[in-house]
Every structure is written in C-alpha cells, then in structure tokens.
Amino acid sequence: MQMASHTAPRVVLTGPPGAGKSTIARLLGEALELPVRDTDTDVESVAGKSITDIFVDDGEQHFRELEAQAVATALREHTGVLALGGGAIMDPQTQELLMEYTVSGGTVVFLDVSLAAAAPRIGFNQARPLLLGNPRAQWKKLMDTRRPLYERVANAHVVTDHRTPGEVAGDIVSLVKASGL
Ligand code: S3P
C-alpha cells in the first residue's frame, strides 16, 4: 500500500456532535505524543468569531465554505490528530480529500454514537446552532442524513456507546499503529 506523505495527519476523527471527537482527540494526542487540531477551532480563528456568531451573522453556507477550506488546509499541513466538525463530511471536496487520504494509507475514524448516548454528552444546551429548537429531533435528522457519508469516508468504525473515552482511544491507538503511518 502506498503510504500517506509525512505531512498528512496521523489520524482523522469524524462523527456527529456528541460522539466525543474532542475528548478522544485529546487522549490520542497524549497517547501518540502528537499535536491535536480541530477544524472548528481553525474556522473560529480565521473568522475571528465563534461558530454560533458565524451562523447568525453570515449563515450556514458561509460557515461550510470556511470549514471546507479549514479541512483542506489541515489535511495538507497537520501531522498529528485531526478532529473534524460533525458536518464537514457533507462537502463534496472534503469527501474527495478524505478518500485520497485513506487511499494513501491514512486512517479516518467514524466515531459512532446513538442518540441516547450522545444526548447526555452534549447536554443539548450548548452553543450548537444546528441543534436549536428540538435538539433531539434535529440530531436524529442530521445523523440519518449523514450516516452513509460517515461510513463512506471512514475506513475505521468505532462505536462509542457504553465505552469510556480511554477504551475508545485505546482501540484507535491500535488501529493507527497497525496502519504503519
Ligand atoms: C456541526 C458540528 C459542530 C460545528 C458546527 C456544525 C454540525 O462541531 O462544526 O456547530 O454540522 O454537525 P462538533 O461536531 O464538534 O460539535
């Protein structure tokens, strides 16, 4: 298998809000001694404001454009653990870049979670503009739409229900080491 270049991330995490991407990314960074990057944070830095403010001031479409740029930049520059915002995989260019990354030996992990397990994790009261109104119904709707996309772009699937972040991170460390990158 052709290996991803040394400037590729060691591992990419995707999955819906509440899957635990940020927590798992931090644990992976510690375990693998690698820097951690999060495209939500990158978008906020570029825009100079919070994601909620981007949605309110500029609209979701603008957020998605900034997000697609942030993902492309991070895939090119970052060599550590990369966590994607939950909706990043909806962008066709992002889907393409993630496929190229996996074909060249990279690991994209779909952190899967049920609504029952996601609900207490995100509390459904934080600043997540897409979940405003009826958070459980919104979450279910977006997960139903996105599940096929998460499954398509990822080459590893880890179910997080009933598992501690440490257990999940341990599984991913094994996967990453086995990938040989
Ligand atoms: C979004 C998820 C958020 C953030 C934005 C949109 C989504 O990231 O990118 O609020 O579309 O699911 P997390 O998955 O880290 O919550």
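Each value, and the rule that gives it
- Residues numbered from 1 in each chain as written.
- Predicted model: local features only at pLDDT ≥ 70, side-chain atom pairs only at ≥ 80, totals over all residues.
- Heavy atoms only, no water.
- Buried < 20%, exposed > 50% of the residue type's maximum accessible area, 1.4 Å probe, protein only.
- Helix = DSSP H or I, 4+ residues; strand = E, 2+ residues; numbered from the N terminus.
- Contact = heavy atoms within 4.5 Å.
- Core = buried A, V, L, I, M, F, W, Y, C linked by side-chain atoms within 4.5 Å.
- Near = heavy atom within 4 Å.
- Polar contact = N/O pair within 3.5 Å; in protein donor to acceptor, adjacent residues only side chain to side chain.
- Areas by Shrake-Rupley, 256 points an atom, 1.4 Å probe, with all protein chains shown as cover.
- 1 Å grid on protein atoms, 1.4 Å probe; cavity = no way out; pocket = protein on both sides within 12 Å on 5 of 7 lines; lining within 4 Å.
- Sits in = over half its atoms within 2 Å of the grid points.
- Nonpolar A, V, L, I, M, F, W, Y, C, P; charged D, E, K, R; others polar.
- UniProt positions renumbered as here; feature names shortened; annotations may be inferred.

### Quick word on helix α6 (residues 115-122)
Here comes step 1: Among the residues making up α6, those that are buried are Ala117, Ala118, Ala119 and Ile122.
Here comes step 2: Looking at the packing, one finds that the buried side of α6 touches α7 (135-153).

### Quick notes on the nonpolar core
One recurring pattern in soluble globular proteins is that nonpolar side chains are buried together.
Here comes step 1: Ranked by size, the top nonpolar core spans 43 residues in total, and within it Leu13, Leu28, Leu111 and Ile172 carry the most contacts.
Here comes step 2: Per-element accounting of this core gives the leading share, six residues, to α7.
Here comes step 3: Here Ile172 is in contact with Val11, Leu13, Ile24, Leu28, Val109, Leu111 and Val158, once residues within four sequence places are set aside.
Here comes step 4: Ile51, Ile54, Phe63 and Leu66 belong to the second-largest nonpolar core, a separate cluster that totals seven residues.

### Here we look at the site of the ligand
Here comes step 1: Taken together, the neighbourhood of the ligand is formed by 14 residues, with Lys21, Asp40, Arg64, Leu130 and Arg146 sitting nearest.
Here comes step 2: Between the ligand and the protein, one listed contact pairs an oxygen atom with a side-chain N or O atom of Lys21 at 2.7 Å.
Here comes step 3: Here the ligand, which alone exposes 390 Å², has 93% of that area covered by the protein.
Here comes step 4: In this structure, the ligand is accommodated by the largest pocket.
Here comes step 5: Among the elements that take part in the shell around the ligand, helix α4 (residues 60-77) stands out by supplying three residues, more than any other.
Here comes step 6: The residue inventory of the shell around the ligand, partitioned by class, reads five nonpolar, three polar and six charged.

### Focus: the UniProt feature "binding site: ATP" (unreviewed entry) in the protein chain
Here comes step 1: In the UniProt entry, the feature "binding site: ATP" (unreviewed entry) is given for Gly18, Ala19, Gly20, Lys21, Ser22, Thr23, Arg128 and Arg163. Spanning 146 residues, the named residues are also spread out in space, since their farthest C-alpha pair is 24.0 Å apart. For the largest pocket, the lining residues among the annotations just cited are Gly18, Ala19, Gly20, Lys21, Ser22, Thr23, Arg128 and Arg163.
Here comes step 2: You can see Ala19 is positioned in the loop between β1 (11-14) and α1 (21-32).
Here comes step 3: Judged by its relative accessible area of 2%, Ala19 falls in the buried class.

### Side note on unusual backbone geometry
Here comes step 1: At Glu33, a residue that is not glycine, the phi angle is positive and equals roughly 55°.
Here comes step 2: By the secondary structure assignment, Glu33 is in the loop between α1 and β2 (36-38).
Here comes step 3: Taking relative accessible area as the criterion, Glu33 reaches 71% and is therefore assigned exposed.
Here comes step 4: One non-glycine residue, His162, lies in the positive phi region at around 60°.
Here comes step 5: Position of His162 relative to the elements: it lies in the loop between β5 (156-159) and α8 (165-179).

### So, the environment of Glu65
Here comes step 1: Mapped onto the elements of the fold, Glu65 is located in helix α4.
Here comes step 2: Given the relative accessible area of 41%, Glu65 is considered partly exposed.
Here comes step 3: Separated by 22 residues in the primary sequence, Glu65 and Val43 place their C-alpha atoms 9.6 Å from one another.

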